[in-house]
Amino acid sequence: SLAFTRSAFVAKKHNYNQPNWFGVGLAFSTTAALWALLFKQHNDDVVEYERRKAETHHKCTECS
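Residues numbered from 1 in each chain as written. Predicted model: local features only at pLDDT ≥ 70, side-chain atom pairs only at ≥ 80, totals over all residues. Heavy atoms only, no water.

- The name given to the protein in an unreviewed UniProt entry is NADH dehydrogenase [ubiquinone] 1 subunit C1, mitochondrial, with Chloroceryle aenea as the source organism.
- According to the UniProt record, the Subunit (unreviewed entry) comment for the protein is "Complex I is composed of 45 different subunits." (UniProt positions renumbered as here; feature names shortened; annotations may be inferred.)

## Quick notes on the pattern of salt bridges
And then number 1: Under the defined criterion, the tally for this structure stands at five salt bridges.
And then number 2: The salt bridge involving Lys40 is made with Asp44; its shortest N-O contact spans 3.0 Å. Of this pair, Lys40 and Asp44 are both found in helix 1 (residues 21-56), four residues apart, which corresponds to roughly one turn of the helix.
And then number 3: Judged by its relative accessible area of 51%, Lys40 falls in the exposed class.
And then number 4: Between Arg52 and Glu48 there is a salt bridge whose closest N-O contact spans 2.8 Å. Remark: Glu48 and Arg52 occur in helix 1; sequence separation between them is four residues, near one turn of the helix.
And then number 5: Under the relative-accessibility criterion, Glu48 is labelled partly exposed at 27%.
And then number 6: Via salt bridges that share partners, Glu48, Arg51, Arg52 and Glu55 belong to a single interconnected network. (Salt bridge = Lys/Arg side-chain N within 4 Å of Asp/Glu carboxyl O. Helix = DSSP H or I, 4+ residues; strand = E, 2+ residues; numbered from the N terminus. Buried < 20%, exposed > 50% of the residue type's maximum accessible area, 1.4 Å probe, protein only.)

## Quick word on the UniProt feature "transmembrane region" (unreviewed entry) in the protein
And then number 1: When the UniProt feature table is mapped onto this chain numbering, "transmembrane region" (unreviewed entry) sits at residues 20-39.
And then number 2: What you have in residues 20-39 is 95% helix and 0% strand, and the ends, taken at the C-alpha atoms, are 29 Å apart.

## Here we look at the packing of aromatic side chains
And then number 1: Applying the stated rule across the entire model yields one aromatic pair.
And then number 2: Seen from their ring centres, Trp35 and Phe39 are 5.8 Å apart, and the 35° between their planes marks the pair as tilted. Residue Trp35 and its partner Phe39 are both found in helix 1; the two are separated by four residues, about one turn of the helix. (Phe/Tyr/Trp six-rings, centres within 6.5 Å; stacked < 30°, edge-to-face > 60°.)

Listed below in structure tokens is the structure:
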């Protein structure tokens, strides 16, 4: 009897003439936001790396 039941996922055929523009926009905006976050985090990490590198090479006797 289970072979004749309809699944909710295949009950309706796709209409390729009218794309889901909300889903497309959501996917692209999410991707852009994640890339922006990745670049920002990378730049912050590079600045912190350079700061720590300069701090270890500091040879001042007054600071220690």
